[in-house]
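Spelled out from the first residue to the last, the chains are:
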Amino acid sequence: MTSRCLMIAAVLGCSLWAGSSVAQTDKPGVEKLYVLNCGEGVAGDISRWSPGVNVGKSMDFVDNCYLIKHAQGWLLWDTGLADAIAAMPEGQRPADPRMTHWRRPKTLASTLEQLGVKPSDIRYVAVSHTHPDHIGNVELFPQTMLLVQKAEYEWPAPFGARFKPEHPVQKLEGDHDVFGDGSVTIISTPGHTPGHQSLLVKLPKTGAVLLSGDAVHFKENWDNRRVPENNANKDQSVASMQRMADLIAQHKAQLWINHDKAQRDSQKMAPEFYD
Ligand SMILES: [Zn+2]
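Residues numbered from 1 in each chain as written. Predicted model: local features only at pLDDT ≥ 70, side-chain atom pairs only at ≥ 80, totals over all residues. Heavy atoms only, no water.

A. Broad picture of the sheet that holds strand 10 (residues 197-203). Strands sit in the order 8-9-10-11-12 across an open sheet of five strands; the sheet is mixed. Sheet topology places strand 8 (176-177) and strand 12 (254-256) at the edges, where each strand pairs with a single neighbour. With two bridges joining them, strand 8 and strand 9 (residues 184-188) adopt antiparallel strand pairing. Its bridge partner being in strand 9, Asp177 is matched across the sheet by Thr185. (Pairing = 2+ DSSP bridges. Helix = DSSP H or I, 4+ residues; strand = E, 2+ residues; numbered from the N terminus.)

Here it is in structure tokens:
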């Protein structure tokens, strides 16, 4: 025990002081990250996501969830399309044929079961935003703390009630260091919706990964900084993409784009994982 520790112990109790010191100097707490198949679909006309560009062109989309194991507990990032869609033989046909016709090859519940993770094991559910392909299974985790931006939670969106009022929630205002050690950070990226957020994860071997949410939908739109026609705020969308680019440079991060099928085809899917 150091003399400084002894001195502080006299005032505060040394174990408390030593404990917080260890938490800050120990290796990063993220152990692994699983990419989960939370949907597959076909977008009818991708010019919805790039006004005037690629008009009438269709594209295969995917929908991902990401399950992160940290020493302090599990975090689920996005919950994907509702599990009920898995039981629809032809999937969920959109009202507007320019939008995405979604299917769910497998439920989130069965994917978690296969990994040996119970819904009650999940400490946090964080959602990028409140569109139905991202919050479809939030109520599979009725006791789990939701991490959502205040601006998103309070947004009177056109999709009706999104969260049960009794669901535990931490309403964020900006960036948030989830476990307090800098290894998993929610990044405020408004624009697609008023309280949209992305997630920066620092994996021990893979390195830093920025999970896009829907700040961008596929690589071509990222490369050209295109803003979808239905985004809540165009200027914020452009500013958020710039902020993401700055973070990617700063942390030498990979950008993982949630709906980009070509990218997902190159990735390891659960039960394989990234560490
Ligand atoms: Zn989406």
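From this point, the discussion proceeds with the structure in view.
B. Geometry of the packing of aromatic side chains. Tallied over the full model, the rule gives seven aromatic pairs. Their ring planes at 70° and their centres at 5.6 Å tell us that Tyr34 and Phe273 sit as a pair that is edge-to-face. Taken as a pair, Tyr34 in strand 1 (residues 30-43) and Phe273 in the segment after helix 8 (261-265) lie far apart in primary sequence, 239 residues in all. On the basis of relative accessible area, Phe273 is assigned to the partly exposed category, the value being 31%. A centroid spacing of 5.5 Å and a plane angle of 5° characterise the contact between Tyr153 and Phe163, whose relative ring orientation is stacked. Of the two residues, Tyr153 is situated in helix 5 (residues 150-153) and Phe163 in the loop between helix 5 and strand 7 (169-172); the sequence distance between them amounts to ten residues. No difference in accessibility class separates Tyr153 from Phe163, as the two residues are buried. For the cation-ring pair, Arg48 lies above Trp49, with the distance from its terminal atom to the ring centre recorded as 4.8 Å. The side chain of Lys268 reaches across the aromatic face of Tyr274, ending 4.7 Å from its centre. (Phe/Tyr/Trp six-rings, centres within 6.5 Å; stacked < 30°, edge-to-face > 60°. Buried < 20%, exposed > 50% of the residue type's maximum accessible area, 1.4 Å probe, protein only. Lys NZ or Arg CZ within 6 Å of the ring centre and 35° of its normal.)

C. Representation of the state of the cysteines in the model. Following the criterion strictly, the structure yields one disulfide and no others. Two residues share a disulfide in this structure: Cys38 and Cys65, whose sulfurs sit 2.0 Å from each other. Judged by the sign of its S-S torsion, about -120°, the bond between Cys38 and Cys65 is left-handed. Of this pair, Cys38 sits in strand 1 while Cys65 sits in strand 2 (residues 59-70), and the two are 27 residues apart along the sequence. Cys65 gets classed as buried once you look at its relative accessible area, which sits at 0%. (Disulfide = S-S within 2.5 Å.)

Read these as geometric descriptors, not functional statements.
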